[in-house]
Amino acid sequence: MPGIIPLDEFPLHQAPLPLAYANSSDRNFYDRWYFNAHDRTGDIMLITGMGYYPNLGTKDAFVLVARNGKQTAVHLSDLMDQDRLNPRVGRYRIEVPEPLHTIRVVLEETDGLALDLTWEGTCPVVQEQPHVLRSGSRVTLDAQRFAQLGTWSGTIAIDGEDIAVDPEVWLGSRDRSWGIRPVGEAEPPGAPADPPFEGMWWLYVPMQFEDFAVVVIIQESPDGYRTLNDCTRVWKDGRVEQLGWPLIDVRYASGTRTPTGATIRCTTPEGKPLVLEVESRLAVPLHVGGGYGGDPDWIHGTWKGEGFAERVTYDMADDAVQGRFMFGCVDHVGRALCSADGADGQEGFGLFEHFCIGRHDPSGFTDFFTLAP
């Protein structure tokens, strides 16, 4: 029967539709994995993910490795199938031995790059607050995510060199997200939005410490009005605490919008201060080979043809690449000290993700081209 797939045998339905159909006709409906993996030095970071786009008929995956001043990306794309329990694109696949805890990510050798990595969650997943954005009256983003901190084990192979991934050293964060966000080829713009887009400020910091993880998600409008505030601490035993309304001070390298670190001042449910001092050890722009917004070479959900695969390498010292940094989202290998009640800071590692595009009054950026003094 058209539309009926094996998953329809199971009581999973959330709408009066076969599971092959999204409960939205919006072309931008998506369903995606995101993972990052890094050691604690800042010498290397790997970012990878896979997405399904039912209303575009495509699926794709990417692997992005940053090290030695370069970012190397492998992109894969194909027609979408309905074998949702065995997600794969070309030689890339994701296996789920234990949902919400253990994930295996495999890329068989493709243009000199391969990986076989296993994720183990170190704490329970955290359901994030729904994320909604509008342009005029139209919803441009309506997504649900869950996040998790964990460790990695396995091997990354690049051009004949095997890099051992030891879970005692390699950490990371991951998320699953689904809903609506801009994907695929550009749409006809229609009439200009009123008011026009002036900018957006975003901070996403999932950090893991010895006994707990902290997940901070903040989004602000150009005037500093906070449109998303989600800050939680999740303990290894499953307890989850809200950490109030964080106060943020991002430090930017002079003459750029690339952060070197940030101070995040949170409040525990008992009203006590909890402070994260975060530093960047490696900056990896997601729009340089990663396919996220502003990437001129690869956008998730774009039809590339059946069985598509390519490898691209970027020199991060190239002026043309440097010029992209301030117009997209940058993921950093982050190190943090978490202090509470004036005690010495506990060391942690994780993702320090930030972008500030356009105007942001609290940061002193008056337009799209203002830089830090």
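That block above? That's the structure.
Structural notes, computed from the coordinates.

What counts, and where the lines are drawn
- Residues numbered from 1 in each chain as written.
- Predicted model: local features only at pLDDT ≥ 70, side-chain atom pairs only at ≥ 80, totals over all residues.
- Heavy atoms only, no water.
- Helix = DSSP H or I, 4+ residues; strand = E, 2+ residues; numbered from the N terminus.
- Buried < 20%, exposed > 50% of the residue type's maximum accessible area, 1.4 Å probe, protein only.
- Contact = heavy atoms within 4.5 Å.
- Pairing = 2+ DSSP bridges.
- 1 Å grid on protein atoms, 1.4 Å probe; cavity = no way out; pocket = protein on both sides within 12 Å on 5 of 7 lines; lining within 4 Å.
- Points joined across faces, edges and corners; volume = space filled by probe spheres on them.
- Nonpolar A, V, L, I, M, F, W, Y, C, P; charged D, E, K, R; others polar.
- Core = buried A, V, L, I, M, F, W, Y, C linked by side-chain atoms within 4.5 Å.

Here we come to the side chain of Asp26. Mapped onto the fold, Asp26 is located in the segment before β1 (29-38). With relative accessibility at 16%, the residue Asp26 sits in the buried group. Those residues in contact with Asp26 that sit more than four places away from it in its chain are Asn55, Arg138, Val139 and Ile180.

Let us look at the pairing of strand β13 (residues 171-180). The element β13 is largely enclosed, with a buried count of nine among its ten residues. With eight bridges joining them, β1 and β13 adopt antiparallel strand pairing. Bridge assignment links Phe35 to a residue of β13, and that residue is Arg174. Of the pairings in the sheet, the one linking strand β11 (residues 138-158) to β13 comprises ten bridges and is antiparallel in character.

This part covers the layout of surface pockets. Looking at the second largest pocket, its volume works out to about 1200 Å³. Around the second largest pocket, the lining is made up of 33 residues, and of these Leu19, Asp31, Arg84, Arg176 and Trp178 lie nearest the centre. Of all the secondary-structure elements, those providing two or more residues to the lining of the second largest pocket are β1, β11 and β13. For the lining of the second largest pocket, the leading source of residues is β13, giving five residues. Of the residues assigned to the lining of the second largest pocket, the class counts are 22 nonpolar, five polar and six charged.

Before going further, it helps to spend a moment on the nonpolar core. Ranked by size, the top nonpolar core spans 30 residues in total, and within it Met45, Ile47, Trp202, Tyr204 and Val284 carry the most contacts. Elements supplying a minimum of two residues to this core: β2 (44-53), β3 (58-67), β11, β14 (199-208), β15 (212-220), β16 (226-235), β20 (273-285) and β23 (346-358). One finds Ile44, Val63, Leu117 and Ile156 within the second-largest nonpolar core, a separate group that totals 29 residues.

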